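One letter stands for each residue in the lines below.
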Amino acid sequence: LLVYLKDGDNAASSDDADGGNPTIDRKKQKHVRSKHTDPKVLEIRRKIQIGCRDNDLESAMKAYHEAIENNIRVEAQSFYNLLNLCDGLERTVHVGTPKGPERAVSPNPAAAACSHIDNKQRQEYAFKIKEHMEALSLPLNEAAYTAIVKVLIRNKEYEKAEEILDESESVQQCKPRLRLYAALLSAYSEERHMLEALSCWLRITKQKLDLTERELLALMQCAIGTGDAAVFDRVVREIAELVPVPSKETVSAILEWFESPHAVFHEDEIRIPKKADEGKVKALLNEIFRDEVEGPPSLGPIQSAKGWLTSSAVTVDHADGTLKEGCLKGCKLQPVPLSERAWNEMLSMNEKIVLEGKLENNKSKFQGGRKGEMRNDFDPEERKNKWTHFVDFLEARGKVDVVIDAANVGYFKQNFADAPKHVDYEQIDWVAQRFLSMNKKVLLVLHERHFSPNLMPEKYQPLQSKWEQSGILYKTPAGMNDDWFWLHVALKHRSLVLTNDEMRDHHFQMLAPRIFLRWKERHQVHFNFGEWENTDGDGNRGRRVNLEFPSAYSRRIQRIDAGLAVPLIKKGDENRFLDGSHVADDDEPSIETYLCIREME
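Residues numbered from 1 in each chain as written. Predicted model: local features only at pLDDT ≥ 70, side-chain atom pairs only at ≥ 80, totals over all residues. Heavy atoms only, no water.

Caption draft 1: Representation of the overall build of the protein chain within the structure. Of the regular secondary structure elements, the protein chain holds 23 helices and 11 strands. Among the 601 residues that make up the protein chain, the fraction classed as buried is 49%. Partitioning the intrachain contacts of the protein chain with sequence separation of at least 6 by distance along the chain shows that 73% fall at a separation of at least 24. As presented, the protein chain carries roughly 30,700 Å² of accessible surface, and 48% of it is formed by carbon and sulfur atoms. (Helix = DSSP H or I, 4+ residues; strand = E, 2+ residues; numbered from the N terminus. Buried < 20%, exposed > 50% of the residue type's maximum accessible area, 1.4 Å probe, protein only. Contact = heavy atoms within 4.5 Å. Areas by Shrake-Rupley, 256 points an atom, 1.4 Å probe, with all protein chains shown as cover.)

Caption draft 2: Region of interest: the packing of aromatic side chains. Taken as a whole and assessed by the stated rule, the structure comprises 20 aromatic pairs. The interplanar angle of 10 degrees and the centroid separation of 4.5 Å between the aromatic rings of Phe-232 and Trp-257 together place this pair among those described as stacked. Here the residue Phe-232 occupies a position in helix H13 (residues 229–242), and Trp-257 occupies one in helix H14 (residues 248–258), the gap between them amounting to 25 residues. Relative accessible area serves as the criterion here: at 0%, Trp-257 is assigned to the buried category. Where Trp-387 meets Phe-390, the ring centres are 5.2 Å apart and the plane angle is 50 degrees; that geometry is what we call tilted. In this pair, Trp-387 and Phe-390 both sit in helix H17 (residues 380–397), 3 residues apart, roughly one turn of the helix. Taken as a pair, Trp-387 and Phe-390 share a single burial class, namely buried. Between the NZ or CZ atom of Lys-475 and the centre of the ring of Phe-451, over which it lies, the distance is 5.4 Å. (Phe/Tyr/Trp six-rings, centres within 6.5 Å; stacked < 30°, edge-to-face > 60°. Lys NZ or Arg CZ within 6 Å of the ring centre and 35° of its normal.)

Caption draft 3: Helix H10 (residues 178–190), seen in detail. Here H10 contains 13 residues, and its C-alpha end-to-end distance of 18 Å stays within 8% of the 18 Å for a straight helix at 1.5 Å per residue. Leu-178, Leu-180, Tyr-181, Ala-182, Leu-184, Leu-185, Ala-187, Tyr-188 and Ser-189 are the residues of H10 that are buried. Arg-192, located one to two residues past H10, shows a positive phi value of around 65 degrees. (Expected span 1.5 Å × (residues − 1).)

Caption draft 4: Seen up close, the side chain of Glu-213. Tracing the sequence through the fold places Glu-213 in helix H12 (residues 213–226). The class of Glu-213 is buried, set by a relative accessible area of 4%. Only 2.8 Å separates the side chain of Glu-213 from the backbone nitrogen of Ser-247, close enough to count as a polar contact. Reaching out from Glu-213, the side chain makes a polar contact with the side chain of Thr-250 at a distance of 2.7 Å. (Polar contact = N/O pair within 3.5 Å; in protein donor to acceptor, adjacent residues only side chain to side chain.)

Caption draft 5: Spatial organisation of the sheet that holds strand S7 (residues 524–534). With respect to topology, 6 strands assemble into an open sheet ordered S5-S4-S3-S6-S7-S8, the strand pairing being mixed. On the outer flanks of this sheet lie strand S5 (473–476) and strand S8 (541–548), each paired with one strand and no other. Ignoring which end each strand starts from, the neighbouring axes of this sheet average 30 degrees apart. Strand direction decides the pairing type here: strand S6 (residues 496–498) and S7, joined by 2 bridges, are parallel. The residue of S7 that forms the bridge with Leu-498 is Val-525. Packed on one face of the sheet, H17 meets strand S4 (442–447) and S5 and runs near 175 degrees to S5. Here helix H20 (residues 461–469) sits on the sheet and contacts S4 and S5; the angle it forms with S5, its principal contact strand, is near 110 degrees. (Pairing = 2+ DSSP bridges. Axes fitted to C-alpha atoms, helices over the stretch in contact; angles between N-to-C directions.)

Caption draft 6: Main features of the sheet that holds strand S10 (residues 563–568). Ordered by their spatial adjacency, 5 strands build an open sheet running S2-S1-S11-S10-S9, and the pairing between neighbours is antiparallel. The open sheet has two edge strands with one neighbour each: strand S2 (322–323) and strand S9 (558–560). Here 6 bridges tie strand S1 (residues 308–317) to strand S11 (residues 593–599), and the two strands are oriented antiparallel to one another. Across the sheet, residue Ser-311 finds its bridge partner in S11, namely Cys-596. With respect to the sheet, H14 is in contact with S1, S10 and S11, its orientation differing from that of S10 by roughly 155 degrees.

Caption draft 7: The arrangement of the pattern of salt bridges in detail. Within this structure, the stated rule accounts for 31 salt bridges. Salt-bridge contacts for Asp-87 lead to Arg-154; the nearest nitrogen and oxygen are separated by 2.8 Å. Pair noted here: Asp-87 is in helix H5 (residues 76–87) and Arg-154 is in helix H8 (residues 142–154), with a separation of 67 residues, a long-range link. One connected set of salt bridges, linked through shared partners, spans Glu-162, Asp-166, Glu-169 and Arg-203. (Salt bridge = Lys/Arg side-chain N within 4 Å of Asp/Glu carboxyl O.)

Caption draft 8: Layout of the packing of helix H4 (residues 57–69) against H5. Contact geometry for H4 and H5: axes closest at 10 Å, N-to-C directions at 145 degrees. Crossing of H4 over H5 shows left-handed handedness. Every residue of H5 that contacts H4 at Leu-57, Ala-60, Met-61 and Tyr-64 is listed here: Phe-79, Leu-82, Leu-85 and Cys-86. Here the residues of the contact of H4 with H5 are counted per class, giving 8 nonpolar, no polar and no charged. (Left-handed = near helix turned anticlockwise from the far one by under 90°. Nonpolar A, V, L, I, M, F, W, Y, C, P; charged D, E, K, R; others polar.)

Caption draft 9: Spatial organisation of the packing of helix H11 (residues 194–206) against H12. For the pair H11 and H12, the least separation of the axes is 10 Å and the interaxial angle reads 155 degrees. It follows that H11 is roughly antiparallel to H12 by the angle criterion. The handedness of the crossing between H11 and H12 comes out as left-handed. Note on element contacts: H12 touches H11 through Leu-216, Leu-219, Cys-222, Ala-223 and Thr-226, opposite Met-194, Ala-197, Leu-198 and Trp-201. Classifying every residue of the contact of H11 with H12 by side-chain character gives 8 nonpolar, 1 polar and no charged. (Parallel < 35°, antiparallel > 145°, perpendicular 65-115°, else oblique.)

Caption draft 10: Looking closely at the side chain of His-447. Among the secondary structure elements, His-447 is positioned in strand S4. Every residue in contact with His-447, bar those within four places of it in the chain, is listed here: Thr-476, Pro-477, Ala-478, Gly-479, Met-480 and Asp-482.

Caption draft 11: Representation of the pairing of S11. Among the 7 residues that make up S11, 5 are buried, leaving the element largely enclosed by the rest of the structure. Relative to S11, S10 is paired through 6 bridges, and the arrangement is antiparallel. Opposite Val-566, over in S11, you have Leu-595 as the bridge partner.

Caption draft 12: View of the environment of Val-316. Along the chain, the position of Val-316 falls in strand S1. On a C-alpha basis, the gap between Val-316 and Ile-591 in space is 9.1 Å, while along the polypeptide they are 275 residues apart.

Caption draft 13: Local environment of the nonpolar core. Core analysis: the largest hydrophobic core is formed by 123 residues, its most contacted members being Ile-129, Leu-198, Trp-201, Met-220, Phe-232, Phe-258 and Trp-519. Excluding anything up to four places from it in sequence, Met-220 contacts Phe-232, Val-235, Val-236, Ile-239, Thr-250, Ala-253 and Ile-254. Counting residues in hydrophobic clusters, the runner-up holds 30 residues, among them Ile-428, Trp-430, Phe-527 and Leu-547. (Core = buried A, V, L, I, M, F, W, Y, C linked by side-chain atoms within 4.5 Å.)

Written as structure tokens, this is what we have:
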């Protein structure tokens, strides 16, 4: 429940902010605000929230009209809830208003089914609420504008939807998100209005937002419907660059193109009723990617004079990436490198997180690496000086082949009963020595607190001295996340990273999740420890360090020889956001397979 603050409501005093339990303080503030709110206002709030809970626009609007007729104030959040309900809620709204026994209302799952409100009526309600809010000088937020746009799209009023988007972009309180535009782009794509769909993509790009696989798939399907090879080529390249393993729908669309007449050159041009002007399409694509430093690599021709061969469920030799059967039998999958653009973007993002505390448009309150919430109480100048010291150290030190997340190594399997509070310094040394024995240039990154006399036992101090004398240790300063440092090393030197941390919070924080996943795929080394063994000729013993290096090839859409290889999802795949699940379900095959496409000779 979001509580609307009246002019007379007060937040916690500065004394409260400095001491006491902030959670209790916030609960007390909320209780006081609700206590002093007119019971009639609370009743209207409750009725609208129940309407949202049951997805019942009819009852919610009845409560709204009741408030208007009786001159009862409608709270800001109730307006927002009503607008979202006009669109049709995809999730329920928590009913949080305190209510006595006489107010108890049981959820009514059938309410929505009994509410026969067509899309035209929903649009009328949405604009009535919008006008009321404007009369009260209540600004619409991004969620409200999104709801209105989606209602208009249901009624195919695309021109009006464009006008609402123009308005939203001029409102300070509306911070554009992809969902504000996605429905319109999908609608244009479904109608096969290619120029309008591309114009919507351009609008999204100007807001510095990126399409997801869902929007790219819509554009791909539009290109198939209109026979637009230029758009299909660019979209499939975008998907290959951004999506680790495409969804079933995307794979089906790719196959549909190569099995369509559009993928074959014809002496007589195929008549397509909604085919867009090629010059205008090219101009829009150029505008969309005008500021692009480096585009995704070409995947080769998508049109042929003779046609295409396709093979599905092709297996692969994991040792070297050789495809075992099908039209690309004997061809080898290759490691797909990151583009220069991707490297530079990630490096810039990491430095911005360090120096400014967060990224623009980042909604997460966490700093990454399971280090808790972001801090905004730091001294920017002090942090800048500490970071500059590190950058200078790295410049003077030279090339790094492997950077080691030493805390991750030191805490590996140290959560047993009565485990020491300090990291296992010997484990860190075993890993460092393993890479040094491979003639790798190593850098250990570990927070300075791990070397405090109060934490580090005296018997491990010789290890610290050894690391420092050999120049393989950097102690990160207080008040800064050590993950920022090893990540910077990895990005700056394009080195391997030794860590078992899957870095899920990092790649969400960086707002470039798919690029980050691609980087992990090619540069993360996992580890574990085996049996005890002699580590040198002096009788010193340690545990064998087992390393798992990145595979010899990338599991990605890629061009190989005369064809295209498209990975198919398998059991356990993560990030299947398009089809609504985070991990591919158990019905998927457990082995790695590919769709292969090759030009006929």
